[in-house]
2 protein chains.
Amino acid sequence: MAQDIATSRSTLPFIWVNGKLSEGALHLSALDRGFTLADGLFETMRAEHGIIFRLDRHLDRLTAGARVLSLPLPSNLLETIHEAMRTVRAAGFSEVSIRLTISRGVGAPGLAPPAETIPTVVLTVHHLPEFPSVMYHAGISARIVAGRRNEKSLASGIKSLAYTESVIALTEARRVGTDDAILLDTEGHISESSASNLFLVIQNTLVTPPKSCGVLPGITREAVLELAPTLHIPSKERPIPEHELFTATEAFLTSSLRRIVPLVRVNDRPIGSGDVGPITRQIMASYTTLVHRECTC
Amino acid sequence: MAQDIATSRSTLPFIWVNGKLSEGALHLSALDRGFTLADGLFETMRAEHGIIFRLDRHLDRLTAGARVLSLPLPSNLLETIHEAMRTVRAAGFSEVSIRLTISRGVGAPGLAPPAETIPTVVLTVHHLPEFPSVMYHAGISARIVAGRRNEKSLASGIKSLAYTESVIALTEARRVGTDDAILLDTEGHISESSASNLFLVIQNTLVTPPKSCGVLPGITREAVLELAPTLHIPSKERPIPEHELFTATEAFLTSSLRRIVPLVRVNDRPIGSGDVGPITRQIMASYTTLVHRECTC
């Protein structure tokens, strides 16, 4: 039945709400705590050949976040994801982005969670955004914005719905003609971009900020840290003072949707030569191979 | 028409979505950026005799937040609020809480705001929560939680939808048997409670943290700062180190819904004598008078 609805449609998005493929335009109560308080979590995932890359790691991160929020995860999550992917494959889509959102559901006014929680689960499947190939071939630019990422937040390191700050940061960076925003933590160390992790190449070593600098533990970030030793590239997680960004010879950003994007200019200054560097190219190529391998089993 | 629907109902909440009184249970798209990214703002207001206390100040704060978010506010906001209040009065409700939420509306995946924004406006009217009278007569307790409020955030000082951190803080405080959570800023100064501003009485002076300590500029907070000189109570906004909480002789919390609530215990230690102090009582009484005066014009 779900497959009939989906295959009869020509365009994404497909939207599942609480396990059911939705046909309408309205899906949520205005009293949903995801909307009123950002009281929830999400994962953005990418599928290749109709298979989600490292779904298990996304679910691990979701579970860790749910523990911090004391949010009970519904038991049929995996079922919904599998049904969605079957439907997507049956409809002939191969490369898609998937967003899984879980909120604490409808609540009374105020912050206190309801005595009995009935979470809202939303799964949306979209076409991949049209990433311009120049982004990968020539790299992108970024601006270090004034506001700081809070590594001391109770919500640090979990992928909660609270992305207001990142939206403001990205808007600020775009306003001055750059592609992305870089945020420092409250101590002045480099943290991450609006929605990506950041890697630098410093003295031929791959360096990325640790979780203690307010970064989200990215699935792509983790995979890159696994890949580095197989390529005989030394790598290290350590706090990075802002000025080291400009002594780095290469930089790149990682995220589940965009994967690995070279970062070649920050605050109007080139990173290294200003071109995509050799270690970045090596990581990009190996990552593509890794994804193909893991998504064709 | 709207009044007919409302008066035919016996119970709140009433929910207006984009200016229309809603009859269904679903009001929002799952793609609404208020739900997916906390990309929006809200105000919680309280009405007495069917009149919202200091609506103008709430709208000023909303407008300031909209500027930070580059979020265009719909022109008919005030119309919706007035229609809602007329409907509420016609239905015979006098004391209610009103929540106005404005999000950036439906968007494509990703953080970048859509080229053309059609905001979502939700106005809900609820019964006032049943505040136990002991809260006002005997005061409440709080716990200083480990996570810090980020006074260096791009979203600091605006009432965005990103309340995840406050929900976690309140949950943590309740878990150890206290009523509310107090958050310090990233430098270790006292900031605010999960959803209230904090005042201390130190050497007979009313002291409250300034906006630079990550506090939301509360409407009740502002009114208390206006009231103090009329009562010949000296007042001051200044950064307050954590330890001063325990040398204060009185403390209270302020918010639009709860108004003024004495705070008598923090981390299992009494504030002052552990009873509701004389300056707190004086402010509470004057505030009640102020509300009655302003809400009966």
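For the structure itself, consult the block above.
Residues numbered from 1 in each chain as written. Chains lettered and ligands numbered in written order. Predicted model: local features only at pLDDT ≥ 70, side-chain atom pairs only at ≥ 80, totals over all residues. Heavy atoms only, no water.

Colleague: Looking at this structure, how should I read the pattern of salt bridges?
Modeller: Opposite charge on two side chains permits pairing when their charged atoms draw close. Across all of its chains, the model carries 30 salt bridges over all chains by this definition. We note a salt bridge from Glu48 of chain A to Arg259 of chain A, for which the minimum N-O separation is 3.2 Å. With a gap of 211 residues between them, Glu48 of chain A in strand β3 (residues 40-48) and Arg259 of chain A in strand β14 (residues 259-266) connect regions that are remote in the sequence. With respect to burial, Glu48 of chain A and Arg259 of chain A carry one shared label: buried. Arg149 of chain B serves as the salt-bridge partner of Glu165 of chain B, at 2.9 Å between the closest nitrogen and oxygen. Linking Glu165 of chain B in helix α6 (residues 164-175) with Arg149 of chain B in strand β7 (residues 140-149), this pair joins segments that are 16 residues apart in sequence. There is no split in this pair, since Glu165 of chain B and Arg149 of chain B are both buried. Among the charged side chains, a network of salt bridges with common partners joins Arg33, Asp39 and Arg104 of chain A. (Salt bridge = Lys/Arg side-chain N within 4 Å of Asp/Glu carboxyl O. Helix = DSSP H or I, 4+ residues; strand = E, 2+ residues; numbered from the N terminus. Buried < 20%, exposed > 50% of the residue type's maximum accessible area, 1.4 Å probe, protein only.)

Colleague: How should I be thinking about the packing of aromatic side chains in this particular structure?
Modeller: Describing an aromatic ring pair means giving the distance of the ring centres and the angle of the ring planes. Inspection of every chain in the model, using the stated rule, returns twelve aromatic pairs over all chains. Between Phe42 of chain A and Tyr163 of chain A, the ring centres sit 5.2 Å apart and the planes meet at 70°, which makes this aromatic pair edge-to-face. On the criterion of sequence distance, the pair formed by Phe42 of chain A in strand β3 and Tyr163 of chain A in the loop between β7 (140-149) and α6 (164-175) is long-range, its members being 121 residues apart. The burial state of Phe42 of chain A is the same as that of Tyr163 of chain A; both residues are buried. Centroid distance Phe53 of chain B to Tyr287 of chain B: 5.7 Å. Interplanar angle 70°. Geometry classified as edge-to-face. (Phe/Tyr/Trp six-rings, centres within 6.5 Å; stacked < 30°, edge-to-face > 60°.)

Colleague: So what exactly am I meant to see when it comes to unusual backbone geometry here?
Modeller: All names here are of chain A. Pro13 follows Leu12 through a cis peptide bond whose omega is 5°. In this fold, Pro13 is placed in the loop between α1 (2-7) and β1 (14-17). Positive phi values are uncommon outside glycine, yet Gln203 reaches one of about 50°. One non-glycine residue with positive phi stands out, namely Asn204, at about 60°. Along the chain, Asn204 falls in the loop between β10 (197-202) and β11 (205-208).

Colleague: Any chance you could explain helix α4 (residues 77-90) of chain A here in plain terms?
Modeller: Given 3.6 residues per helical turn, the α-helix brings residues three or four places apart onto the same face. All names here are of chain A. Taking 1.5 Å per residue as the helical rise, α4 with its 14 residues ought to reach 20 Å, and the 20 Å between its terminal C-alpha atoms agrees with that figure. Of the residues making up α4, those classed as buried are Leu77, Thr80, Ile81, Ala84, Met85, Thr87 and Val88. In a view along the axis of α4, the buried residues occupy a sector of 160°, so they form one face of it. (Expected span 1.5 Å × (residues − 1). Arc of directions from axis to C-beta.)

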